[in-house]
Amino acid sequence: MDLTLLVAALGLLLAYGYYRVKKVVNFWADRNVPHNPISFGKSPEQGLHMGKMLQKHYNQFKGQYPFAGMYFLFKPLVLAIDLELLKCIFVKDFQYFHDRGTFYNERDDPLSAHLFNLEGNKWKNLRTKLSPTFTSGKMKMMYPAMIKAGRQFSDYMEDKIAVESEFELKDLLARFTTDVIGICAFGIECNSMKDPNAQFRQMGRRHFEEPRNRLRDSVCMGAPKLARFLRLKMINAELSEFFINVVRETIDFRVKNNVRRNDFMDLLIAMMKGDNPELGSLTFNEIAAQAFVFFVAGFETSSTTMTWALYELSVNQDIQSKGRQCVEDVLEKHNGDLTYEAIMEMTYIDQILQETLRKYPPVPVHFRVVTKDYRVPNTSTTLSAGTRVLIPVYAVHHDPEIFPDPERFDPDRFTPEAIAQRHPYAWTPFGEGPRICVGMRFGLMQARIGLALLLKSFRFSSGQKSTVPLDFTPKSFILSPEQGLWLKVDKV
Ligand code: HEM
Ligand SMILES: *[C@@H]1O[C@H](CO)[C@@H](O)[C@H](O)[C@H]1NC(C)=O
């Protein structure tokens, strides 16, 4: 072959390669957007929790521009900073930001096609169908089941302190929320309170605690089309089989025996049968996927919230006493009955939970993806379709200009007057806008019940095995304490 031709071809190829790499590496610089250079190899941030890592970037760039540029797997990424921009992303310009860009594969991994992952019209239709499942009326219907699980939890604690004075609470709290969601989403008494190895609890542990396959996750995140072509699945096959079977058995049993229990499953079954034409209908796989997401989105978030609340109450005894006083005062007004109405009157318990969710948002980052080119208000930047956007909730919640002295735990930040002083998008542990957590009421309700029952009967303090302060485990996306939560527990 002609040598000059070969050299010329190679040269051209190299030049093209160089041009492409430069375009990737200089993506944000070319657009005059504040950013840190793309990093190759091991970054000093490895081992930091994602929430903390984004906090560093947020603090570095805040005030310069409404957002900062970042890179992930050689792709540009937007870190939203300005609260007015958050408002646009969450609400005002939702039409550009309705998707999260998380991976799902409906064909090979049917459980992954759930409300959290779905996109576009599919999401919208499903959200419209499911929203009526979570109204306060429905919460009231499920309240007795929740209280029952709460009492089992409280009884279990009574037995436990009879033999031990110091123990680990994170797992106990996860067992409590597993029982609540098990009964409300599946109508199944999971019994994980009494049996730590109950199947539901085991499956929940596996979902959150088993190490993830990083290569697979990167392909799913970075190249979803390829991942679907390769038929990759994000949900462990055994886990998937377990849930599909549970849902199938539950539905079969209820349909055959005409059982109604006023829970999520009833409402889902009604949609499968198309009982209410206004709600439309769902297929079996669609029902199974939603029951699955209620389970995984529902138990760990709420149990870590309670875990952090108890931790803070153990190191802030004055706040703990005030919380207990609130429970006692309200119960007295209600003849000692922990009714739905009583729980709703415990405003200081709510303030404790809101402050907990500020300091420890279980979901420390919100995800969106730009679905059509978007001109960022008050800038000359246009974000092209496909760009990922991160909202660093943890960083905003710890910004001293928004929450002064952010490491101080202070439920008085959530009096109505204090809330009115702040930007409405300063506190978003459940996200915001049309994609806000659909289970917010449910999550708050089980946390209120758990906390009220615990404070009523027990006093929590640091013991010999307690760690102060606690670290975030980098192994889990959900903010959770590396060391678990060891506390000394006494009867009130
Ligand atoms: C303290 C408890 C909880 C916290 C902190 C929490 C947090 C969140 C957050 C941050 C999102 C994303 C919001 C956004 O992107 O704007 C979300 C979505 C979601 N959550 Fe929760 N959650 C909690 C409890 C629950 C419970 C109990 C359930 C179900 C029973 C649930 C089901 C869901 C679902 C299905 C979505 C997806 C909604 C959609 O995309 O339309 N969550 N949650
Ligand atoms: C754009 O600037 C105007 C005027 O300063 C301001 O009122 C508005 O909130 C800004 N919008 C965004 C999204 O930052």
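Residues numbered from 1 in each chain as written. Chains lettered and ligands numbered in written order. Predicted model: local features only at pLDDT ≥ 70, side-chain atom pairs only at ≥ 80, totals over all residues. Heavy atoms only, no water.

**Student:** I'd like to hear about the coordination of the iron atom of ligand 1, residue by residue, with values.
**Tutor:** What the protein offers the iron atom of ligand 1 as a donor is a single atom, Cys 437 (SG), at 2.3 Å. The residue Cys 437 is located in the loop between α18 (416-421) and α19 (440-457) in this model. (Donors = N, O, S within 2.8 Å, 3.2 Å for Na, K, Ca; no water. Helix = DSSP H or I, 4+ residues; strand = E, 2+ residues; numbered from the N terminus.)

**Student:** Could you give me a rundown of the site of ligand 2, with the residues and numbers involved?
**Tutor:** For ligand 2, the full set of nearby residues is Glu 84, Cys 88, Pro 377 and Asn 378. Between ligand 2 and the protein, one listed contact pairs an oxygen atom with a side-chain N or O atom of Asn 378 at 2.3 Å. Of the residues belonging to the shell around ligand 2, the class tally is two nonpolar, one polar and one charged. (Near = heavy atom within 4 Å. Polar contact = N/O pair within 3.5 Å; in protein donor to acceptor, adjacent residues only side chain to side chain. Nonpolar A, V, L, I, M, F, W, Y, C, P; charged D, E, K, R; others polar.)

**Student:** Describe in detail the site of ligand 1, supporting the description with residues and values.
**Tutor:** In the vicinity of ligand 1 lie 28 residues, with Arg 100, Trp 123, Arg 127, Arg 368 and Cys 437 positioned nearest. At a separation of 3.5 Å, an oxygen atom of ligand 1 approaches a polar backbone atom of Glu 432. Those elements that provide at least two residues to the shell around ligand 1 are α5 (120-130), α13 (284-315), β4 (366-369) and α19. Broken down by element, the shell around ligand 1 gets its largest block of residues, seven residues, from α13. Of the residues contributing to the shell around ligand 1, the split by class is 15 nonpolar, eight polar and five charged.

**Student:** Go over the environment of Asp 155, please, and point to the residues and values.
**Tutor:** Note on placement: Asp 155 falls in helix α6 (residues 136-163). Taking C-alpha positions, Asp 155 is 46 Å from Val 369, a pair spaced 214 residues apart along the chain.

**Student:** Lay out the sheet that holds strand β2 (residues 75-80) with the relevant residues and their values.
**Tutor:** The sheet built from four strands is open, its strands ordered β1-β2-β7-β4 with mixed pairing. Edge positions in the open sheet fall to β1 (67-72) and β4, since each of these has one partner strand only. Ignoring strand direction, the axes of neighbouring strands in this sheet form an average angle of 30°. Sheet topology places β1 next to β2; six bridges connect them, and they run antiparallel. Considered in β2, the bridge of Phe 72 is made with Lys 75. The sheet strands contacting helix α3 (residues 50-61) are β1, β2, β4 and β7 (388-391), and the helix crosses β1 at an angle near 135°. (Pairing = 2+ DSSP bridges. Axes fitted to C-alpha atoms, helices over the stretch in contact; angles between N-to-C directions. Contact = heavy atoms within 4.5 Å.)

**Student:** Please give an account of the pattern of salt bridges that cites residues and values.
**Tutor:** Scanning the entire structure with this criterion turns up 28 salt bridges. A salt bridge links Asp 108 to Arg 107; the shortest N-O distance between them is 3.2 Å. In this structure Asp 108 comes out as buried when scored by relative accessible area, which is 13%. Assessed through its relative accessible area of 53%, Arg 107 is described here as exposed. Two residues, Lys 491 and Glu 158, come together in a salt bridge whose shortest N-O distance is 3.0 Å. In this pair, Lys 491 sits in strand β9 (residues 486-491) while Glu 158 sits in helix α6, placing the two residues 333 residues apart along the sequence. Note on Lys 491: relative accessible area 43%, which makes it partly exposed. Using a relative accessible area of 28% as the deciding quantity, one classes Glu 158 as partly exposed. (Salt bridge = Lys/Arg side-chain N within 4 Å of Asp/Glu carboxyl O. Buried < 20%, exposed > 50% of the residue type's maximum accessible area, 1.4 Å probe, protein only.)

**Student:** Describe the nonpolar core, with residues and values.
**Tutor:** Core analysis: the biggest nonpolar cluster contains 102 residues, and Met 157, Leu 169, Phe 186, Phe 243 and Met 346 have the highest contact counts within it. At 16 residues, the largest contribution of residues to this core is made by α13. Setting aside anything within four residues of it in sequence, one finds Met 346 in contact with Cys 326, Val 327, Val 330, Leu 331, Leu 338 and Ala 452. Counting 41 residues, the second-largest nonpolar core is a separate cluster that includes Leu 77, Ile 81, Leu 86 and Ile 402. (Core = buried A, V, L, I, M, F, W, Y, C linked by side-chain atoms within 4.5 Å.)

**Student:** Break down the packing of helix α7 (residues 170-186) against α19 for me, with residues and values.
**Tutor:** For any two helices packed against each other, one specifies the inter-axial angle together with the distance between the axes. One can describe the packing of α7 onto α19 by two numbers: an axis separation of 11 Å at closest approach and a directional angle of 130°. Classified by the angle their axes make, α7 and α19 are oblique. Pair α7 / α19 crosses with right-handed handedness. Facing α7, whose interface residues are Leu 173, Phe 176, Thr 177, Val 180, Ile 181 and Cys 184, α19 presents Phe 442, Gln 446, Gly 450 and Leu 454. Residue composition of the contact of α7 with α19, by class: seven nonpolar, three polar and no charged. (Parallel < 35°, antiparallel > 145°, perpendicular 65-115°, else oblique. Left-handed = near helix turned anticlockwise from the far one by under 90°.)

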